[in-house]
Every structure is written in C-alpha cells, then in structure tokens.
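Tertiary structure, described
Read off the chains here:
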Amino acid sequence: MKKPSSKIREEIGKLQEQLKQAETREAERIGRIALKAGLGEIEIDETELQDAFEHLARRFRGELAASIGGKKRVEDGIPSTATATVASGAAQGGHGEV
C-alpha cells in the first residue's frame, strides 16, 4: 500500500530534524577537539581553514597517502603533523554549515 504524501512529508521532517541534531553533535565534538588543540587562539582566514580541513579529510580517507616501501607519504607538500594541527581547528571558524 502506498503512503499518502502527508505521511511522507512528516517522515521527511523527522529525518531533517535528526540530521540537524547529528550535525550539531558532530560540530560540537570537532569544536571541543579544536579548542583543546589550541586553535581557538589562532587567527586564520576561514577559507584557508576550510581548505586545511578538506585536506585533512582527504588524508584520513587515504586519498593523499601513497604507499612507498611500507611507509606513507603525504602529498601536496604539507607535512602530516602540520596538517593535523592546523586543520583540526576548522570547526571553530566554520562556515555556519553545521
């Protein structure tokens, strides 16, 4: 039996609220980590910070790492420790997306 459109809209509304709550939890978690890392005190352009976060995400997804003799290297000329330090604070600056 097919659902009426009103039921579907109701379900969509509930899912949108769940998504909003999940994004808020994730933003708070990342923000706490960024503050612990001391990134609340660093002045950096939001665009640059967003780029650093995107780089960090690619790094952890394995998109930047290439296996060389059993070791990993990070491409784009950014050392892995510098990337993690700078990028982990991006949630603090944010773009209002979360």
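Residues numbered from 1 in each chain as written. Predicted model: local features only at pLDDT ≥ 70, side-chain atom pairs only at ≥ 80, totals over all residues. Heavy atoms only, no water.

Observations concerning the overall build of the protein chain
Along the protein chain, the regular secondary structure elements total four helices and two strands. Within the protein chain, the proportion of its 98 residues that are buried is 16%. Nonlocal contacts in the protein chain, meaning residues at least 24 apart in sequence, comprise 65% of its contacts between residues at least 6 apart. For the protein chain, the accessible surface area stands at approximately 7,700 Å², while carbon and sulfur atoms represent 53% of it. (Helix = DSSP H or I, 4+ residues; strand = E, 2+ residues; numbered from the N terminus. Buried < 20%, exposed > 50% of the residue type's maximum accessible area, 1.4 Å probe, protein only. Contact = heavy atoms within 4.5 Å. Areas by Shrake-Rupley, 256 points an atom, 1.4 Å probe, with all protein chains shown as cover.)

Brief notes about the pattern of salt bridges
Inspection of every chain in the model, using the stated rule, returns two salt bridges. Across the salt bridge formed by Lys3 and Glu11, the nearest N and O atoms sit 2.7 Å from each other. Glu11 sits in the partly exposed class, given a relative accessible area of 35%. When the shortest N-O distance is used, the salt bridge between Lys14 and Glu10 registers 3.5 Å. Of this pair, Lys14 and Glu10 both sit in helix α1 (residues 5-36), separated by four residues, roughly a single helical turn. Take Glu10: its relative accessible area is 42%, and that puts it in the partly exposed class. (Salt bridge = Lys/Arg side-chain N within 4 Å of Asp/Glu carboxyl O.)

Quick notes on the confidence of the model for the protein chain
Reading fine detail from the predicted coordinates is not recommended where pLDDT is low. With 65% of its residues at a pLDDT of 70 or more, the protein chain has an overall mean of 76. Counted against residues more than four places away or in other chains, residues 79-98, with its pLDDT under 50, gives 45 contacts. (pLDDT = per-residue confidence, 0-100.)

Some points on a negative patch on the surface
On the surface, Asp45, Glu46, Glu48, Asp51 and Glu54 cluster together to form a negatively charged patch. Tracing the backbone shows Glu48 in helix α2 (residues 46-61). Take Glu48: its relative accessible area is 49%, and that puts it in the partly exposed class. (Patch = residues over 30% accessible without salt bridge, like charges linked within 9 Å, V, L, I, M, F, W, Y side chains within 5 Å. Lys, Arg positive; Asp, Glu negative; His and termini not counted. Charge placed at Lys NZ, Arg CZ, Asp CG, Glu CD.)

Some words on α1
With 32 residues, α1 should reach 46 Å at 1.5 Å per residue; the first-to-last C-alpha distance of 47 Å fits that figure. Three or more residues of α1 are buried, namely Ala22, Gly31 and Ala34. In the segment just after α1, Gly38 is the residue with positive phi, at about 85°. (Expected span 1.5 Å × (residues − 1).)

Considering α2
Taking 1.5 Å per residue as the helical rise, α2 with its 16 residues ought to reach 22 Å, and the 22 Å between its terminal C-alpha atoms agrees with that figure. Where α2 starts, the residue carrying a side-chain oxygen 3.2 Å from the main-chain nitrogen of Thr47 turns out to be Asp45. Looking one or two places after α2, you find Gly62, whose phi comes out positive at around 85°. (Polar contact = N/O pair within 3.5 Å; in protein donor to acceptor, adjacent residues only side chain to side chain.)

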